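If you want the building blocks of each chain, they are given just below.
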Amino acid sequence: MKYTRLGGTGLQVSRLCLGCMTYGDPAWRPWILDLEKARPHFRAAFDAGINFFDTADMYSRGASEEVTGKLLKEFAAREDYVLATKVYFPVTDRPNRGGLSRKHIMAACEDSLERLGVEYVDLYQIHRWDHATPIEETLDALDSLVRAGKVRYLGASSMAAWQLAKAMFTSDLRGLRRFVSMQDHYNLIYREEEREMIPLCLDQGLGILPWSPLARGFLTGSRTREKPRVTERARGDDYADKMYYREEDFRVLDELLAVSARRGAKPAQVALAWLLSVPGVTAPIIGATKPEHIKEAAGALDLALSPEEIEKLEKPYVAHPILGHEQPAPRRRRS
């Protein structure tokens with residue numbers, strides 16, 4: 001395993017991060033793995049040298065944090081892994097149980113710490129932008145958690161680049177802790193982040209943690225135009241229908257399959273190797289429904305793509321609508 005620093009911090013993380021949405025309560029999604037089925041995955045991750053794990057309070061309505069915390073404690077000492085979680089989406093439907101108000105952030109962090117069974121979280125991330133709460137209130141609450149020792153670093157997830165810039169400016173203006181990372185939607189078939197978000201992160205020294213680096217399995221090569229939903233997750237993943245499966249996506253997949261065949265590598269390994277070649281990318285957040293997927297993903301670290309191969313992979317791409325977060329836009333007034 002290779003390691004790098006997270007953005008401009010001194011925190012060392014593995015070049016792959018294990019996303020833990022897959023682990024928790026099968027009642028939440030049929031493809032979710034419970035504690036016993038998840039255990040071999042964490043063993044495989046530690047065997048591969050992964051020290052970076054990402055979850056969120058809303059995954060399996062909190063059960064993902066419980067499973068993640070128990071298994072991390074089984075396999076490693078607290079100082080030997082980097083633990084990230086997220087806040088924003090509600091875990092219940094009661095008032096003040098969602099969003100980024102000071103009340104919710106403070107309560108949600110305490111709940112996450114209890115479920116994870118830890119005294120602090122290494123990276124605490126806002127899962128989305130909250131249009132109903134002033135960013136000053138959100139940033140002040142997050143800063144309080146850092147000062148209290150319950151959080152080590154702060155991160156953000158999918159939003160517009162101007163929103164991230166506003167948050168960074170506000171932090172500087174008020175003397176608050178800055179975000180050190182951006183967890184955004186980025187992969188071979190969705191590259192809109194290259195227009196503004198990635199240049200902003202490079203300029204401001206934020207580490208980039210792409211989510212859905214394999215496009216929810218699309219870039220593994222298991223989907224075809226004739227049979228796009230061959231796995232249990234694909235069959236029950238309505239969200240993926242809104243994100244992928246366009247004809248232009250399949251044209252990128254065609255090139256990916258061609259490059260992987262010439263290299264004798266798995267399509268997923270080539271897709272991850274491409275991501276790892278992008279300046280600013282710290283660690284793609286990989287998901288796995290089988291332990292061998294983690295070992296295969298680790299093989300991408302030893303795969304160096306040539307400039308010609310990168311050009312072939314990128315050439316079929318066409319512009320996409322914003323996918324993965326709500327894009328604020330001005331609305332025309334009706335006369």
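In the block above lies the structure referred to throughout.
In this text, all values refer to a predicted model and were calculated from it rather than measured experimentally. (Residues numbered from 1 in each chain as written. Predicted model: local features only at pLDDT ≥ 70, side-chain atom pairs only at ≥ 80, totals over all residues. Heavy atoms only, no water.)

Another point: the overall build of the protein. A count of helices and strands for the protein gives twelve helices and ten strands. Here the protein has a C-alpha radius of gyration of 19 Å; the compact-globule value for 335 residues is 20 Å, and the two agree. Dimensions of the protein, computed from C-alpha atoms along their principal axes, come out at roughly 60 × 55 × 40 Å. Expressed as a percentage of the 335 residues in the protein, the buried residues total 56%. Within the protein, counting contacts between residues at least 6 apart in sequence, those at least 24 apart form 79% of the total. As displayed, the protein offers around 15100 Å² of accessible surface, 49% of which is attributable to carbon and sulfur atoms. (Helix = DSSP H or I, 4+ residues; strand = E, 2+ residues; numbered from the N terminus. Rg over C-alpha atoms; globule rule 2.2 N^0.38 Å. Buried < 20%, exposed > 50% of the residue type's maximum accessible area, 1.4 Å probe, protein only. Contact = heavy atoms within 4.5 Å. Areas by Shrake-Rupley, 256 points an atom, 1.4 Å probe, with all protein chains shown as cover.)

Ordered by their spatial adjacency, eight strands build an open sheet running S9-S8-S7-S6-S5-S4-S3-S10, and the pairing between neighbours is parallel. Two strands bound the open sheet, and with one partner strand each, they are strand S9 (207–208) and strand S10 (285–286). (Pairing = 2+ DSSP bridges.)

Further remarks concern helix H5 (residues 161–174). Between its first and last C-alpha, H5 extends 20 Å over 14 residues, near the 20 Å set by a 1.5 Å rise per residue. For H5, the complete set of buried residues consists of Ala161, Gln163, Leu164, Ala167, Met168, Thr170 and Ser171. Next to the buried residues of H5 lie helix H4 (135–147), strand S8 (179–183) and helix H6 (197–204). Gly175 occupies a position one or two residues after H5 and carries a positive phi of about 70°. (Expected span 1.5 Å × (residues − 1).)

Here we take up the packing of aromatic side chains. Enumeration according to the criterion identifies ten aromatic pairs in this entry. Taking 6.4 Å as the distance between ring centres and 45° as the angle between the ring planes, the aromatic pair formed by Trp28 and Tyr59 counts as tilted. Of this pair, Trp28 sits in the loop between strand S3 (17–19) and helix H1 (35–47) while Tyr59 is found in the loop between strand S4 (52–54) and helix H2 (63–75), placing the two residues 31 residues apart along the sequence. With a relative accessible area of 12%, Trp28 lands in the buried category. On the basis of relative accessible area, Tyr59 is assigned to the buried category, the value being 10%. The structure contains a cluster of three or more aromatic residues connected by ring pairs, namely Tyr23, Phe42, Phe46, Phe53 and Phe75. For Arg29, the ring lying beneath its charged end belongs to Trp28, and the centroid distance is 4.1 Å. (Phe/Tyr/Trp six-rings, centres within 6.5 Å; stacked < 30°, edge-to-face > 60°. Lys NZ or Arg CZ within 6 Å of the ring centre and 35° of its normal.)

Turning next to the nonpolar core. Formed by 94 residues in total, the largest nonpolar core has its most connected members in Tyr23, Phe53, Tyr124, Leu164 and Phe179. At eight residues, helix H10 (residues 267–276) tops the list of elements feeding residues into this core. Residues Leu6, Leu11, Leu123 and Ile285 belong to the second largest nonpolar core, which totals twelve residues. (Core = buried A, V, L, I, M, F, W, Y, C linked by side-chain atoms within 4.5 Å.)

Contact geometry of helix H9 (residues 247–263) with H10 gives a least axis separation of 9 Å together with a crossing angle of 105°. The angle between H9 and H10 places the two elements in the roughly perpendicular class. Of the residues in H10, those in contact with Leu256, Leu257, Val259 and Ser260 of H9 are Pro267, Val270 and Ala271. Grouping the amino acids of the contact of H9 with H10 by side-chain chemistry returns six nonpolar, one polar and no charged. (Axes fitted to C-alpha atoms, helices over the stretch in contact; angles between N-to-C directions. Parallel < 35°, antiparallel > 145°, perpendicular 65-115°, else oblique. Nonpolar A, V, L, I, M, F, W, Y, C, P; charged D, E, K, R; others polar.)

Note on pairing: side chains with opposite charge can pair once their charged atoms come close. Per the stated rule, a full pass over the model turns up 15 salt bridges. In this structure, Glu309 and Arg263 form a salt bridge, with 2.7 Å as the shortest nitrogen-oxygen distance. Placement of the pair is Glu309 in helix H12 (residues 307–314) and Arg263 in helix H9, with a sequence separation of 46 residues. Taken together, the salt bridges that share partners define one network made up of Glu36, Arg39 and Glu74. (Salt bridge = Lys/Arg side-chain N within 4 Å of Asp/Glu carboxyl O.)

Bringing the pairing of strand S6 (residues 121–126) into the picture now. Judged by how many residues are buried, S6 sits mostly within the fold: six of six residues are covered. As paired elements, strand S5 (residues 82–87) and S6 share four bridges and run parallel to each other. Bridged to Val87 within S6 is Ile126. Once the chain exits S5 it traverses helix H3 (residues 102–116) before rejoining the sheet at S6, and the crossover so formed is right-handed. For the crossover from S6 across H4 to strand S7 (residues 151–157), the handedness is right-handed. (Right-handed = clockwise from strand over helix to strand, strands pointing away.)

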